[in-house]
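Residue-level structure breakdown
This is what each chain is made of:
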Amino acid sequence: PPPPFFFSTPTRASEILSGLVGSEMCIRDSIYIGVMTGTSVDAIDIAALIISKDDFRLLNAQSFQFLKITREKILRIIRNYKVMNQDEIKSLDRELATIYGDTINEFISSSKIEKKNIVAIGLHGQTILHQPNAINPMSLQIGDGKIVRKITGISVVNDFRSEDIRSGGQGAPLAPIFHNHFFGKTGIKRAVINIGGISNISILADEVIGYDIGPGNTLMDIWIKDTKEKNFDEDGQWAKSGNINEKLLVKFLEDEFINLKPPKSTGTDYFNISWINQKLKEVDNQISSSDIQRTLAELTALIIARTINTENGLNEVAVCGGGSGNKFLMQLVQNHSHFKIHQTNQWGMDSNWVESSGFAYLAYLRINNFALDLSKITGSKGRVKLGKIRN
């Protein structure tokens, strides 16, 4: 966890919030909690922040591991979305909400925070389906906010993506909103790359742009799970032992989503084991498992680096998310990139807590009735208020 009472003053906090539309109500400046579980399903990340219009302070942040049985249930649904059982989803929705609620209570207790000082919990929930371009666009996150509200006794803001999708947007990524608030710097064009299950980018300049790049950890995690029964490739050691298969890499890079222009977003219901197996079938070649892992790592690094390299006028780049801790992957990104790649730690926030802190900030915006123009990020039309409040 970060040291207690880690202070930071966002460079452009006032000017960014002045571009939002707020209500007539008094701004509620106090403690907000952000809860994030990403598409890698590796842990529940929780951060507590004191947030005001001009400043905020990270009080504490912790990561809580899922029980193996729970993680396996989630992954089974995510990776077999075409045969989803509605009763199973509803059951897991309630089970996960109970886990969230109990874990949040544990976090609050260990952080020695008084509940009466917490305004709201920003709960992302666990994404199990993300299809913003379907005939009936939708994005589904489970972990019932009403149950979390009941267990914790604290107002919950969840379902952050639906309103944006109803307004014609992708519903993702939402990280650029917080990235801009915390890392944006007047006169400098920055990029933040979040490498979770899916990689996304935030371009922070006079105009904020953000979109999903493509697979982050997800394909590497899926492949090592499928072949070696491991949850992830620690520091990319298995990938490092293999060789790039150029024919397979070309086939990977031909993917429709990777070559799609933004706004765009995706999920593990698209990039999954079926995606890998289909590409292998098209190549029609006998490739060793370690070479496939190496090629997947190369794909992940290459699409990130190409995205950075083609952004005109970029000055600085930083990474966050679970993938930023994969030493071999980050070495590959650096090798392909024209820029020196930093972790967000050097910009004032530990890379492990950026996403969960972001949902604390989104809860702050929703509780205070701010509406956002996300047309350059998600592609939605008009200003939208993200999230549903569960009082």
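Notes on the structure in this doc start here. (Residues numbered from 1 in each chain as written. Predicted model: local features only at pLDDT ≥ 70, side-chain atom pairs only at ≥ 80, totals over all residues. Heavy atoms only, no water.)

**Thoughts on the nonpolar core**
With 47 residues, the main nonpolar core has I193, W223, I276, L296, L299, I308 and V317 as its most contacted residues. In terms of residue count, helix α11 (residues 289-309) provides more of this core than any other element does, 9 residues in total. Beyond its immediate stretch of four places on either side in the chain, L296 contacts L219, M220, W223, F252 and I276. Residues C320, W353, F370 and I377 belong to the second largest nonpolar core, which totals 40 residues. (Core = buried A, V, L, I, M, F, W, Y, C linked by side-chain atoms within 4.5 Å. Buried < 20%, exposed > 50% of the residue type's maximum accessible area, 1.4 Å probe, protein only. Helix = DSSP H or I, 4+ residues; strand = E, 2+ residues; numbered from the N terminus. Contact = heavy atoms within 4.5 Å.)

**Comments concerning unusual backbone geometry**
A cis amide bond, omega -5°, links A172 with the succeeding residue P173. Here E229, not a glycine, exhibits a phi torsion of approximately 55°, which is positive. In this fold, E229 is placed in the loop between α7 (218-228) and α8 (237-241). For D235, which is not a glycine, the phi torsion comes out positive at approximately 55°. Using a relative accessible area of 24% as the deciding quantity, one classes D235 as partly exposed.

**With respect to the sheet that holds strand β10 (residues 198-204)**
A sheet is described by the order of its strands in space; here 5 strands give the open sequence β11-β10-β9-β12-β13, paired in mixed fashion. The open sheet is flanked by β11 (209-215) and β13 (341-343), the only strands paired with a single partner. If you compare each strand with its neighbour and ignore which way they point, the axes differ by 25° on average. Across 5 bridges, the pairing between strand β9 (residues 190-195) and strand β12 (residues 316-320) is parallel. (Pairing = 2+ DSSP bridges. Axes fitted to C-alpha atoms, helices over the stretch in contact; angles between N-to-C directions.)

**So, helix α13 (residues 354-367)**
Relative to the 20 Å expected for 14 residues at 1.5 Å per residue, α13 spans 20 Å between its end C-alpha atoms, a close match to the ideal helical length. Counting buried residues along α13, 13 of its 14 residues qualify, which places the element largely inside the surrounding structure. Positive backbone phi, approximately 65°, marks N369, located one or two places after α13. (Expected span 1.5 Å × (residues − 1).)

**Considerations on the pairing of strand β5 (residues 118-123)**
Looking along a regular strand, one sees the side chains alternate between the two faces of the sheet. For β5, a buried count of 6 out of 6 residues is recorded, marking the element as mostly surrounded by other parts of the structure. Bridging between strand β2 (residues 30-36) and β5 involves 5 bridges; their strand directions are parallel. Counterpart to I33 in the pairing with β5 is I121. Sheet topology note: the β5/strand β8 (residues 156-158) ladder contains 2 bridges and is parallel. Each residue of the ladder has a partner; that of I121, found in β8, is V156.

Keep in mind these values describe shape, not function.
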